[in-house]
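Examining the three-dimensional arrangement
The lines below spell out each chain.
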Amino acid sequence: MNTPLRVTRDQQLAQDWELVLLAEGLSPCARESGEGIVLSVPVEEVEKAEAALSAYERETSHKPPAQGEPGGLVNLWAGLGVAAMLLLFFYTTVAWAPTVPWFERGSADAERILQGEFWRTVTALTLHADLVHAASNALGAAIFLGAVSSILGPGLAFISILLAGAGGNLANALVQGSSHVSIGASTSVFGAVGVLAGLGMARNRRRALRGRRAWLPIAAGIALLGMLGTEGQRVDIWAHLFGFVFGGVVGILIGFTLPQRQRPNVQFISGSAALFAVGYSWFLSLG
C-alpha cells in the first residue's frame, strides 16, 4: 500500500519529485486526482523518501530561477551544430573534394553491409545526393536533435540519435536485401522522433499512467512519421520506419535507466564518442 507524500498542480514539479525518488532507488507513484498530482511511495519507503525530498527542496530553494539557466541556448546550438556539420560535409563531398569516392565507399550498400562493412550504417548518414536533400535533413536535425537535447542534454542526444540512425540502416539492409543502396541523415532524423516518443512513453509509465495515455507519445510519433516520412520522390520509407523504431527503443531504455539529466562530463563523453564513431567509420571506409 502506498502512502501519499506530496500534492501539486505543477506537472513539472511532480516530475522533479519523482525523478529525485527514482534516483534514490525508490518506487514512487504519481497519479492525478481532484486536488492535483499526488506523489506516493510504499509504506516502507516513506522515511527515506521524505529525507530525499526535504534535501531536494532545501537545495532548490537556494537556486536562481530556471529562466536564467542557459539550457535552452545550449540545446539550440546542439541542433544547429549538427545541421551545420551535415551541410559542411555535403559541400566537402560535392565541391571541395569531389574526386574522393565518398558515395562509393560510404553509402549504405546493403550487400557490403551484410558482408561485414558495418561502418557504412554510420557513414551513409552524412551523405546527401543534392542540396535540397541535405538542407531538408539539416533542418530536421536542427529541430528534432534540439528537442531531444532539451531532455537528455546535447551529448547524450547526439549519440542516441546516431545509434538510432545506424540501427535503422542495418535493419533496412537486412530487410531490403543486397540490391538496396541508401544515403542521407533522414534515418537519424526519424530516429530522433522515435527517441522523443520513447522518452515520452517511459515518462508516462513512471508516472503510473496506463493504457492509451501511456502510449500517446508513441502514437504521436507514428503520426508524425506518417506525415513527414512517407511522401516525396526517392523516399526510403523503410529506412525512416526502422530509424523511428530504433529511436523508440533507445528512448525507452534511456527513459527507464537514466531518469535524470546527466552531468556535463557524461554529456562530453557521449558527444565525443559519437564524433569518434563518425570519424572512425569514415577512416575505415576510405582507408
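Our structure's up above, just so we're on the same page.
Report on the accompanying structure. What you see as residue numbers is a count from 1 along each chain, following the sequence as written. A pLDDT threshold of at least 70 governs which residues receive local features in this predicted model, and a stricter bar of 80 or more applies before side-chain atom pairs are shown or counted, although totals over entire chains, interfaces and linings include all residues. Side-chain measures here rest on the full set of heavy atoms in the structure, leaving out hydrogens and waters.

Let us now look at the environment of Thr-93. With respect to the helices, strands and loops of the structure, Thr-93 is situated in helix H3 (residues 71-96). Buried means the residue's accessible area, taken with a 1.4 Å probe over protein chains only, is under 20% of the maximum for its type, while exposed means over 50%, and partly exposed covers the values in between. A relative accessible area of 4% means that Thr-93 is categorised as buried. In the structure, Thr-93 is positioned 36 residues away from Ala-129 in sequence and 9.7 Å away in space, judged by C-alpha atoms. The contact partners of Thr-93, leaving out residues within four places of it in the chain, are Pro-98, Trp-102, Phe-103 and Leu-127. Pairing of N or O atoms within 3.5 Å defines a polar contact, subject to two protein rules: one partner must be a possible hydrogen donor and the other a possible acceptor, and residues neighboring in sequence count only if both atoms are side-chain atoms. Only 2.9 Å separates the side chain of Thr-93 from the backbone oxygen of Phe-90, close enough to count as a polar contact. Helix and strand definitions here come from DSSP, where helices need a minimum of 4 consecutive H or I residues and strands a minimum of 2 consecutive E residues; each element is numbered from the N-terminal end. In what follows, residue pairs with any heavy atoms lying within 4.5 Å of each other are defined as contacts.

Here we take up the sheet that holds strand E2 (residues 29-33). The criterion for strand pairing is that DSSP finds at least two bridges linking the strands in question. Read across the sheet, 3 strands follow the order E1-E3-E2 without closing on themselves; strand pairing throughout is antiparallel. This sheet does not close on itself; its edge strands, each paired only once, are strand E1 (2-8) and E2. Going across the sheet, the axis of each strand differs from the next one's by a mean of 30°, ignoring polarity. Where E2 meets strand E3 (residues 36-42), 5 bridges bridge the pair, whose relative direction is antiparallel. Considered in E3, the bridge of Ser-33 is made with Gly-36. An axis is simply a line fitted to the C-alpha atoms; with a helix, the fit covers only the stretch in contact. Between two such axes, the angle follows the N-to-C directions and lies from 0 to 180 degrees.

Okay, the packing of aromatic side chains next. Pairing of aromatic rings covers Phe, Tyr and Trp, the last through its six-membered ring, and needs centres within 6.5 Å; plane angles under 30 degrees mean stacked, over 60 mean edge-to-face, and all others mean tilted. The full count for this structure, using the stated rule, is 6 aromatic pairs. Aromatic side chains Phe-89 and Trp-102 sit 5.3 Å apart centroid to centroid with 75° between the ring planes, which places their arrangement in the edge-to-face category. With a gap of 13 residues between them, Phe-89 in helix H3 and Trp-102 in helix H4 (residues 102-106) connect regions that are remote in the sequence. Take Phe-89 and Trp-102: they sit in the same class, and that class is buried. Ring geometry for Trp-238 against Phe-242: centres 5.5 Å apart, planes inclined by 25°, an arrangement best described as stacked. Here Phe-242 and Trp-238 lie together in helix H11 (residues 237-257), a separation of 4 residues that amounts to about one turn. Judged by its relative accessible area of 43%, Trp-238 falls in the partly exposed class. Given the relative accessible area of 14%, Phe-242 is considered buried. Aromatic rings pair up to connect Phe-89, Trp-102 and Trp-282 into one cluster.

A cluster of nonpolar side chains, namely Leu-114, Phe-118, Leu-170, Leu-174, Val-175, Trp-238, Leu-241, Val-245, Phe-246, Val-249 and Leu-253, defines an oily patch on the protein surface of about 980 Å² accessible area. For the nonpolar patch, the elements supplying multiple residues, two or more each, are helix H8 (154-176) and H11. No other element matches H11, which puts 6 residues into the nonpolar patch. Within the fold, Val-175 resides in helix H8. For patches, a residue must show more than 30% relative accessible area and have no salt bridge; joins then use 9 Å for like charges and 5 Å for nonpolar side chains, namely Val, Leu, Ile, Met, Phe, Trp and Tyr. The accessible surface values rely on the Shrake-Rupley method and a 1.4 Å probe; as for residues, cover is taken only from the protein chains in view. Salt bridges are counted wherever a side-chain nitrogen of Lys or Arg sits within 4 Å of a carboxyl oxygen of Asp or Glu.

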